[in-house]
Amino acid sequence: YEDIMNELDGLKAVLAIPTYGNVDPRCSKSVRAAIMTASNHGLKWAGDISPDRMGWSAARNVVAQRLYIEPELADGIIWIDSDIVLEPDSLLKLMYNVKNIPADFISGVYHQRLPYHNPVFYSWNPDINRFQPAESYPDNAVAEAGGCGFGLVWTGYKLIKAIRDLPSFEEKGGWFPDRRDVGGFGEDLSFCYQAIQAKVPLWIDTGIQVGHMGEQKVVVKSDFMEAKKAVKEEDLVPVKWGEIPK
């Protein structure tokens, strides 16, 4: 990718990073670096239309609706979750695929925060009408999948329009209906399910690996005591109360 300086010429994207509160600086810094790299290779940016402090379903629908009613705005949307840490070339690789497959729906790979840290993409099993999690995958492969989380995803305008044109499309739920409370899918997999109905393939590039910020740990005395076990006793300097250590 480093030698392809103008490979993304002709592509224009809009950025969507839905947030609900403060974002870890490591995440936002990584996004800026990735944007710079993609821009240096020819990607044009139409703007940042990231919603803040909205429910996930509503936030994503606002972005999709914006592109649907303004198709001249951009060729598609780059979605990044606010707790994702990108590599500098993550967006370059993603958009290289968009142009060369070509792809209207493609995702990189991130993993769940908690063990077993499964990858957040799925196959579609029509026999049981369900998504099934991927338990293994090859390195540096581009292949079709059934569904994914929206940690790092491109959705082209053609896909947004194809879903909107489905006879089953419902204005209330929109592109991202959250139906978990009635035994259905969350907003991201509901979008993927509608993409399946629209016959638009989802591509996964396992060579695009991005980080997922884990749960923050509360440090207490037991952590201090556990860490001390790895230190030799003679290296510990005792401090008497009332004295200022040198």
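Here the structure is shown first, and the text comes after it.
Conventions used here
Residues numbered from 1 in each chain as written. Predicted model: local features only at pLDDT ≥ 70, side-chain atom pairs only at ≥ 80, totals over all residues. Heavy atoms only, no water. Pairing = 2+ DSSP bridges. Helix = DSSP H or I, 4+ residues; strand = E, 2+ residues; numbered from the N terminus. Axes fitted to C-alpha atoms, helices over the stretch in contact; angles between N-to-C directions. Contact = heavy atoms within 4.5 Å. Parallel < 35°, antiparallel > 145°, perpendicular 65-115°, else oblique. Polar contact = N/O pair within 3.5 Å; in protein donor to acceptor, adjacent residues only side chain to side chain. Phe/Tyr/Trp six-rings, centres within 6.5 Å; stacked < 30°, edge-to-face > 60°. Buried < 20%, exposed > 50% of the residue type's maximum accessible area, 1.4 Å probe, protein only. Lys NZ or Arg CZ within 6 Å of the ring centre and 35° of its normal.

**Let's talk about the sheet that holds strand β3 (residues 76-80)**
Phase 1 of the analysis: The 7 strands are arranged β2-β1-β3-β10-β5-β11-β8 in an open sheet whose pairing can be described as mixed. Lying at the two open borders of the sheet, with one neighbouring strand each, are β2 (44-48) and β8 (142-145). Strand-to-strand twist across the sheet, computed as the mean angle between neighbouring axes with direction ignored, equals 25°.
Phase 2 of the analysis: Where strand β5 (residues 105-109) lies against strand β11 (residues 202-209), 3 bridges are found, and the strand directions are parallel. Of the residues in β11, the one forming a bridge with Val 109 is Gln 209.
Phase 3 of the analysis: Along the sheet, helix α2 (residues 56-69) makes contact with β1 (12-16) and β3, crossing β3 at roughly 160°.

**Considerations on the packing of α2 against helix α4 (residues 157-164)**
Helix packing geometry: the angle between the two helix axes and the distance between the axes.
Phase 1 of the analysis: It is the contact of α2 with α4, at a shortest axis distance of 10 Å, that shows an interaxial angle of 100°. Of the possible angle classes, the one that applies to α2 and α4 is roughly perpendicular. Where α2 abuts α4, its residues Ala 64, Leu 67 and Tyr 68 lie against Tyr 157, Ile 160, Lys 161 and Arg 164.

**Brief notes about the side chain of Thr 37**
Phase 1 of the analysis: Relative to the elements of secondary structure, Thr 37 occurs in helix α1 (residues 25-40).
Phase 2 of the analysis: Here the side chain of Thr 37 touches Pro 88 through a polar contact of 3.1 Å, landing on its backbone oxygen.
Phase 3 of the analysis: Residues contacting Thr 37, with those up to four places away along its chain left out, are Pro 88, Asp 89 and Leu 92.

**Brief notes about the pairing of strand β6 (residues 121-125)**
In regular strands, side chains alternate between the two faces of the sheet.
Phase 1 of the analysis: Here β6 pairs with strand β9 (residues 147-148) via 2 bridges, running antiparallel. Note that in β9 the partner of Tyr 122 across the bridge is Gly 147.
Phase 2 of the analysis: Between the end of β6 and the start of strand β7 (residues 130-133), which pair antiparallel, lie 4 residues, with Asn 129 showing a positive phi angle near 60°.

**Brief notes about unusual backbone geometry**
Phase 1 of the analysis: A cis geometry characterises the amide bond from Ile 101 onward to Pro 102, with omega recorded as -15°.
Phase 2 of the analysis: Tracing the chain through its elements places Pro 102 in the loop between α3 (90-100) and β5.
Phase 3 of the analysis: With an omega of 10°, the peptide bond running from Pro 115 to Tyr 116 counts as cis.
Phase 4 of the analysis: Positive phi, close to 55°, is recorded for His 117, a residue that is not glycine.

**Topic: the packing of aromatic side chains**
Phase 1 of the analysis: Scanning the entire structure with this criterion turns up 15 aromatic pairs.
Phase 2 of the analysis: With a centroid separation of 5.4 Å and 80° between ring planes, the pair formed by Phe 150 and Phe 176 is classed as edge-to-face. Of the two residues, Phe 150 is situated in the loop between β9 and β10 (152-156) and Phe 176 in the loop between α4 and α5 (187-197); the sequence distance between them amounts to 26 residues. The pair Phe 150 / Phe 176 is uniform in exposure class, with both members buried.
Phase 3 of the analysis: Three or more aromatic residues joined by ring pairs make a cluster, and in this case those are Trp 79, Phe 105, Phe 150, Phe 176 and Phe 191.
Phase 4 of the analysis: Note that Arg 53 overlies the ring of Tyr 20, its terminal NZ or CZ placed 5.7 Å from the centroid.

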